[in-house]
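What follows is each chain in one-letter form.
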Amino acid sequence: MVGALGTGTNMYKGLLEEFSDERDVVFFSYDWRYSTQTTAEELEAYINGHHYESVMLVCHSMGGIVASNYLARSTENRQKVEKIVTVGTPYGGSPKALFTFQTGKFLDVPIIDDLFKDLAKNLPSVYELLPYQNAINAGYEYVSLLDDSGNISGYGTDETNKMIEDSFNSRLLSKALKTEDKVYAGGQHIMNSADVDLTIIAGTNCDTINKIYVNESGEAVKIGKSAAGDGTVPLWSAILSNGAYFNHPIYLVNGVTHSSLFGDADVVSAVRAILRGNTASETDKFKKLDVNTGLGSLMIDPDDYQDNQSRDNIPDRGAVFDLINSALGFGYNTLVAHCPVLLELYDEKGTLVGSVSEAGIFAEAGYEECFELMNGGETKQVYVPEGYSVK
């Protein structure tokens, strides 16, 4: 097996088959617990130690953050990289990192949750996976205070950092913020540099944590989810920098989870084509996002989504996801209502499976996560699977 739990096996075999006659195909393993800066230094030493003058990097998840730090280290490093393909990379961070701090839930093994909760507080990498300041400043707040009266207020960068400093390791948070500054030197993400040939592949249509609701003690009391993501990385984190699209080709994969993205057959085929300088073939679930045709309204000012002192419904929760899915033909949507209304969800057979209103959420077993009620009942959100309908 190659990669964590074999996630890189299919990709590695595919690249060996494609390139082994003309290039070294190397799986660069690293200890994910360490800072991505440390790993970037090790990658630099490996490339220089083998006297490689031209490399192509294929990165999954945090590997794309490692590559970003490698590029940020020097112009010489950037000149050595022909092409980069990142798959499911959280360029803007992942709210799941804070969820891990709060609960220890990371590997979906309940027996080790408490152990990992204590361990995570001292892992530099987890702090570096927290959503970036640039993302929060662009409107993608991921922490909200939920008070005893049910009122919600979003946390900006200062409030978020203070909460983390008070509850966890302030020294590691400070170091993580400095790492972010290096990647964003000059105000733009290093991957947006003119001398970087990047292709981004991101997953969508998998329920993904995009919001952590905390009480006044900083303890998580509720999570918010959106289908705009791969189950770990929100879509906004994978494809946006400073609230705008990366200046590079972006492909979306429908319904494939974060851990499965790197080994997906369509993704492996696309990476092989991209590294050859060819156009990746689109399929029913793998499509290129054309940011210039019909999707300009994705970049909606988050202030347009304010309601009753809350900025809870910013583009990634509703408008961005709906527009992307509509444009790409993916069959899973999100409906958001900001008024007194009862929303009912019906399955393919026309059977009522749940509803949401100011009175609360009423759902059949297994459908609870299709509904979300926010802002004291003012805002209702329904995730609508393909073939289902809302009345």
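Positions within a chain are numbered from 1, following the residues in the order the chain's sequence is written. Given that this is a predicted model, residues contribute local features only at a pLDDT of at least 70 and side-chain atom pairs are listed and counted only at 80 or more, while totals for whole chains, interfaces and linings are drawn from all residues. Calculation of side-chain values draws on the structure's entire complement of heavy atoms; hydrogens and water are dropped beforehand.

Undergrad: Before we move on, can you summarise the pattern of salt bridges with the specific residues and values?
TA: For salt bridges, the criterion is a side-chain nitrogen of Lys or Arg within 4 Å of an Asp or Glu carboxyl oxygen. Within this structure, the stated rule accounts for 14 salt bridges. Among the salt bridges present, the one from Arg-23 reaches Glu-82, with a minimum N-O distance of 2.4 Å. Of the two residues, Arg-23 sits in the loop between helix H1 (9-19) and helix H2 (36-49) while Glu-82 sits in strand S2 (residues 81-87), which places them 59 residues apart along the sequence. Exposed residues in this analysis have more than 50% of their type's maximum accessible area, buried residues have under 20%, and partly exposed residues fall in between, with area computed by a 1.4 Å probe over protein chains only. Note on Glu-82: relative accessible area 35%, which makes it partly exposed. Its salt-bridge partner being Glu-44, residue Arg-73 comes within 3.2 Å of it at the nearest N-O pair. Of this pair, Arg-73 sits in helix H3 (residues 62-73) while Glu-44 is found in helix H2, placing the two residues 29 residues apart along the sequence. Of the residues examined, Glu-44 reaches a relative accessible area of 17% and is grouped as buried. Residues joined by salt bridges that share partners form a network here, namely Glu-17, Glu-18, Glu-22, Arg-272 and Arg-276. Note on conventions: DSSP H or I runs of at least 4 residues are helices, E runs of at least 2 residues are strands, and numbering of each starts at the N terminus.

Undergrad: Which residues make up the environment of Tyr-142, and what values go with them?
TA: Among the structural elements, Tyr-142 can be located in the loop between helix H8 (133-137) and strand S3 (143-146). Those residues within four positions of Tyr-142 in sequence are excluded, and the remaining contacts are Pro-95, Leu-98, Leu-130, Pro-131, Ile-136, Thr-160, Ile-164, Asn-210, Lys-211 and Ile-212. Between two residues, a contact is recorded if the distance between any of their heavy atoms is within 4.5 Å.

Undergrad: Give a description of the packing of H1 against helix H13 (residues 265-275) that names residues and reports values.
TA: Orientation of H1 relative to H13, taken along the N-to-C sense of each, is 35°, at an axis distance of 10 Å. H1 and H13 meet at a crossing whose hand is right-handed. Facing H1, whose interface residues are Asn-10, Met-11, Gly-14, Leu-15, Glu-17, Glu-18 and Phe-19, H13 presents Val-267, Val-268, Val-271, Arg-272 and Leu-275. Tallied by class, residues from the contact of H1 with H13 come to seven nonpolar, two polar and three charged. Structural elements are reduced to axes, namely lines fitted to C-alpha atoms, with helices fitted over the stretch in contact, and the angle between N-to-C directions of any two is expressed from 0 to 180 degrees. Crossing handedness follows the turn of the near helix against the far one: under a right angle anticlockwise gives a left-handed crossing, and clockwise gives a right-handed one. In this count, Pro and Cys sit with the nonpolar residues alongside Ala, Val, Leu, Ile, Met, Phe, Trp and Tyr, while Asp, Glu, Lys and Arg are called charged and the others, Gly among them, polar.

Undergrad: Could you give an account of the packing of aromatic side chains, naming the residues involved and the relevant values?
TA: Two rings from Phe, Tyr or Trp (for Trp, the six-membered ring) form a pair when their centres sit within 6.5 Å of each other. Planes less than 30 degrees apart are called stacked, planes more than 60 degrees apart edge-to-face, and all others tilted. Considering all chains together, one arrives at eight aromatic pairs under this definition. Measuring from centroid to centroid gives 6.1 Å for Tyr-132 and Tyr-184, while their planes differ by 70°, and the two rings are edge-to-face. Residue Tyr-132 is found in the loop between helix H7 (124-128) and H8, and its partner Tyr-184 is found in the loop between helix H10 (170-183) and strand S5 (198-204); the two are separated by 52 residues along the sequence. Comparing Tyr-132 with Tyr-184 shows no difference in burial state: the two are buried. Residues Tyr-367 and Tyr-388 carry aromatic rings whose centres are separated by 6.2 Å and whose planes lie at 40° to one another, so their mutual orientation is tilted. Highlighted residues: Tyr-367 in the loop between strand S15 (360-363) and strand S16 (371-374) and Tyr-388 in the loop between strand S17 (379-384) and strand S18 (389-390), separated in sequence by 21 residues. Assigned by exposure class, Tyr-367 and Tyr-388 land together as buried. Ring pairing ties together the aromatic residues Phe-101, Tyr-127 and Phe-168, which thus form one cluster.

Undergrad: A description of a positive patch on the surface should follow, citing residues and the corresponding values.
TA: To count toward a patch, a residue needs a relative accessible area over 30% and no salt bridge; like charges are then connected within 9 Å, while nonpolar side chains (Val, Leu, Ile, Met, Phe, Trp, Tyr) are connected within 5 Å. What sets the accessible areas is the Shrake-Rupley method with a 1.4 Å probe; for residues, cover comes only from the shown protein chains. Positive charges are assigned to Lys and Arg, negative charges to Asp and Glu, while His and the chain termini are left out of the count. Charge positions are represented by NZ for Lys, CZ for Arg, CG for Asp and CD for Glu. Together, Arg-171, Lys-175, Lys-178 and Lys-182 make up a positively charged patch on the protein surface. Relative to the elements of secondary structure, Arg-171 occurs in helix H10.

Undergrad: Describe the sheet that holds strand S13 (residues 343-346), with residues and values.
TA: Taken together, the four strands give an open sheet; going across it, the order is S15-S14-S13-S18, and neighbouring strands pair in antiparallel fashion. A single partner strand is all that each edge strand has here, and the edge strands are S15 and S18. Two strands pair under a simple rule: DSSP has to find at least two bridges between them. Relative to S18, S13 runs antiparallel, the two being bridged by two bridges. Across the sheet, Leu-345 pairs through a bridge with Val-390, a residue of S18.

Undergrad: Requested: an account of the environment of Val-25, with residues and values cited.
TA: Structurally, the position occupied by Val-25 is in the loop between H1 and H2. Owing to a relative accessible area of 18%, Val-25 belongs among the buried residues under this scheme. Val-25 sits ten residues away from Leu-15 along the chain, and the two C-alpha atoms are 7.0 Å apart. Excluding residues within four positions of it along the chain, Val-25 makes contact with Tyr-12, Leu-15, Leu-16, Phe-19 and Ser-20.

Undergrad: Mind laying out the environment of Glu-180, listing which residues take part and the relevant values?
TA: With respect to the helices and strands, Glu-180 occurs in helix H10. Between the C-alpha atoms of Glu-180 and Glu-128, which are 52 residues apart in sequence, the distance is 7.7 Å. Apart from residues no more than four positions distant in its own chain, Glu-180 is found in contact with Tyr-132, Gln-133 and Asn-134. A polar atom in the side chain of Glu-180 sits 3.3 Å from the backbone nitrogen of Asn-134. Pairs of N or O atoms are called polar contacts if they sit within 3.5 Å, as long as, within protein, a hydrogen donor faces a hydrogen acceptor (for residues adjacent in sequence, only side-chain-to-side-chain pairs).

Undergrad: Outline the sheet that holds strand S10 (residues 250-254), supporting the account with residue identities and numerical values.
TA: Pairing in this open sheet of five strands is mixed, and the strands run S1-S2-S5-S10-S11 from one edge to the other. Of all strands in the sheet, those with a lone pairing partner are strand S1 (55-60) and strand S11 (286-288), marking the two edges. Ignoring which end each strand starts from, the neighbouring axes of this sheet average 15° apart. Across three bridges, S10 lies against S11 in antiparallel orientation. Pairing of Tyr-251 across the sheet is with Lys-288, part of S11. Each of S1, S2, S5, S10 and S11 touches H13; the most contacted strand, S2, lies at about 165° to it.

Undergrad: Help me get a handle on the nonpolar core, residues and values and all.
TA: Residues Leu-57, Tyr-70, Leu-71, Ile-84, Met-191 and Ile-239 are the most contacted members of the largest nonpolar core, which totals 39 residues. Looking at this core, the elements with two or more residues in it are H2, S1, H3, S2, S5, helix H11 (235-239) and S10. Working definition of a nonpolar core: buried Ala, Val, Leu, Ile, Met, Phe, Trp, Tyr and Cys residues. They are joined through side-chain atoms within 4.5 Å. Counting residues in each nonpolar core, the second largest holds 23 residues, with Leu-130, Val-143, Leu-172 and Leu-173 among its members.

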